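One letter stands for each residue in the lines below.
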Amino acid sequence: MFSKRFGMIAGAAAASALLLTACNGTDAQTGAAAPASSPAAGQDSAQQLNFLSGTAQQNKAQPKTGDWANDPGKPAVKPVAKKWVQLSASKAGNLDPVVVNGAGFTLYRFDPDDANPSKSNCNGACAVTWPPVVVAPGGRIFIDGVKKSDVGVVKRDDGSLQVTVGGWPVYRFSKDQKPGDTNGQGVGGTWFGVTPDGKKAGAPEAGQGGQGGGKAATSVTLSDEKNFGDPSEGLAGSGCKNVGRDNSASSLQTSGSLKIWSEKNCTGKSKVVNGDVADLNTIGFDNTISSVFFG
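Residues numbered from 1 in each chain as written. Predicted model: local features only at pLDDT ≥ 70, side-chain atom pairs only at ≥ 80, totals over all residues. Heavy atoms only, no water.

Engineer: It is not clear to me how the state of the cysteines should be interpreted in this structure. Could you clarify?
Structural biologist: A disulfide bridge is the covalent bond that connects two cysteines by way of their sulfur atoms. The final tally for this structure, using the stated rule, is two disulfides. The disulfide partner of C122 is C126, and the gap between their sulfur atoms is 2.0 Å. Looking along the S-S bond of the C122-C126 disulfide, the torsion reads about -110°, which is the left-handed sense. A relative accessible area of 0% places C122 in the buried class. Here C240 pairs with C266 through a disulfide, and the sulfurs are 2.1 Å apart. For the disulfide bridge between C240 and C266, the dihedral angle about the S-S bond is near 110°, and by the sign convention the bridge is right-handed. (Disulfide = S-S within 2.5 Å. Buried < 20%, exposed > 50% of the residue type's maximum accessible area, 1.4 Å probe, protein only.)

Structure below.
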């Protein structure tokens, strides 16, 4: 009887010891420290931000902060992460709708970036000409006519947090001097105003060529030199057309949207082009075009 009672007491003591060990943060089987609890899967920098409906003014943001730090009339510069940014669905030039910031400046997206997953490929000198819209950790994003579900951030190569719309990283353009300017629309055939859901904004700007979603091109001029210099050759028609001088073009001019290919008969690597491209190297197609698809 004594032996049986002693065994029961010993068993209870052992169970209590295991429970106490677990509560003290050690593994019951190995005696090693138990792993600390980690954040839920998928938790990222976006969850450290504060999303507020309405404009910065409606939310009584402090003057000379956030998007108001760059005065109109002065070029955008490589930015310091801001305590707040504003995303408003608006109209600028021929772009309607397009997203503008709290000071009314047009925001742009860049075709060589990625939206799924989000990734910025504009760094160095590119990020000086096209300053990324960055926000400080724990900062505020005022959303005005833009769905919260379409807004996020992505970590840039320098560690800063860049705002995304529809997954696309967004930027200012240094040559936009006043609210409502759209001087960046169609530049290089790769830069376009961004719509509230992340698509390319608006109709073609004068002198900038077409943009995604516009009319299909029916002709193209391929130039051997950058900035449309001679010699050159023209292609026209519909469907797939092989170029006469393979892998020679460094720039192109077209009045709409077409697809360029790295191999004959519209095979190999491809890229949709929307309007003129003064330097095909900016989209990875310098001396690479072998065929073109119209329609």
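Engineer: In this structure, what is going on with the pattern of salt bridges? I would like to understand it.
Structural biologist: Opposite charge on two side chains permits pairing when their charged atoms draw close. For the structure on display, the rule yields eight salt bridges. Taking the shortest distance from any N to any O, the salt bridge between D67 and K82 comes out at 3.7 Å. Separated by 15 residues along the polypeptide, D67 in the loop between β1 (50-53) and β2 (82-92) and K82 in strand β2 bring together distant segments of the chain. Taken individually, D67 and K82 each receive the classification buried, so the pair is uniform in this respect. Bridged by salt links that share partners, the residues R109, D111 and K200 form one connected network. (Salt bridge = Lys/Arg side-chain N within 4 Å of Asp/Glu carboxyl O. Helix = DSSP H or I, 4+ residues; strand = E, 2+ residues; numbered from the N terminus.)

Engineer: I'm lost on the sheet that holds strand β14 (residues 239-242) in this one. Help?
Structural biologist: Through backbone hydrogen bonds, the strands of a sheet pair up, either in parallel or in antiparallel fashion. Taken in spatial order, the four strands make up an open sheet running β14-β18-β16-β17, and their pairing is antiparallel. With one partner strand each, in any of the chains shown, β14 and β17 (267-274) form the two edges of the open sheet. Neighbour-to-neighbour, the strand axes of the sheet open up by a mean angle of 25°, direction not taken into account. In terms of strand pairing, β14 meets strand β18 (residues 291-294) through four bridges, oriented antiparallel. Opposite C240, over in β18, you have F293 as the bridge partner. (Pairing = 2+ DSSP bridges. Axes fitted to C-alpha atoms, helices over the stretch in contact; angles between N-to-C directions.)

Engineer: Whenever I open this one, the sheet that holds strand β15 (residues 251-253) confuses me. Can you help?
Structural biologist: The three strands lie next to each other as β13-β12-β15, forming an open sheet whose pairing is antiparallel. The open sheet is flanked by β13 (232-236) and β15, the only strands paired with a single partner. With strand direction ignored, the average angle separating the axes of adjacent strands in the sheet is 20°. Direction of pairing for strand β12 (residues 219-223) relative to β15: antiparallel, over a ladder of three bridges. Of the residues in β15, the one forming a bridge with L222 is L252.

Engineer: Honestly, the side chain of S160 in this entry has me stumped. Any pointers?
Structural biologist: Mapped onto the fold, S160 is located in the loop between β8 (151-155) and β9 (161-165). Taking relative accessible area as the criterion, S160 reaches 19% and is therefore assigned buried. A polar contact is formed between the side chain of S160 and the side chain of D158, at a distance of 2.7 Å. Here S160 is in contact with V134, V154 and K155, once residues within four sequence places are set aside. (Polar contact = N/O pair within 3.5 Å; in protein donor to acceptor, adjacent residues only side chain to side chain. Contact = heavy atoms within 4.5 Å.)

Engineer: I keep staring at the nonpolar core and nothing clicks. Help me out?
Structural biologist: In summary, soluble globular proteins display a tendency toward joint burial of nonpolar side chains. Within the largest apolar cluster, 18 residues are counted, with the highest numbers of intra-cluster contacts made by L87, L107, I141, V151, V163 and V170. When residues of this core are traced back to their parent elements, those giving at least two are β2, β7 (134-144), β8 and β9. Among the nonpolar cores identified, the runner-up in size contains 17 residues, and L222, L252, L258 and I289 belong to it. (Core = buried A, V, L, I, M, F, W, Y, C linked by side-chain atoms within 4.5 Å.)

Engineer: So what exactly am I meant to see when it comes to the packing of aromatic side chains here?
Structural biologist: Aromatic ring pairs: the centre-centre distance and the angle between the two ring planes describe each pair. If you walk through the whole model with that rule in mind, you get eight aromatic pairs. Relative to W84, the ring of W68 has its centre 4.9 Å away and its plane inclined at 80°; by these criteria the two rings are edge-to-face. Taken as a pair, W68 in the loop between β1 and β2 and W84 in strand β2 lie far apart in primary sequence, 16 residues in all. Centre to centre, the rings of Y171 and W191 are 5.1 Å apart; their planes meet at 85°, and the pair counts as edge-to-face. One end of the pair, Y171, is in the loop between β10 (168-169) and β11 (191-193); the other, W191, is in strand β11, with 20 residues separating them in the sequence. Assigned by exposure class, Y171 and W191 land together as buried. (Phe/Tyr/Trp six-rings, centres within 6.5 Å; stacked < 30°, edge-to-face > 60°.)

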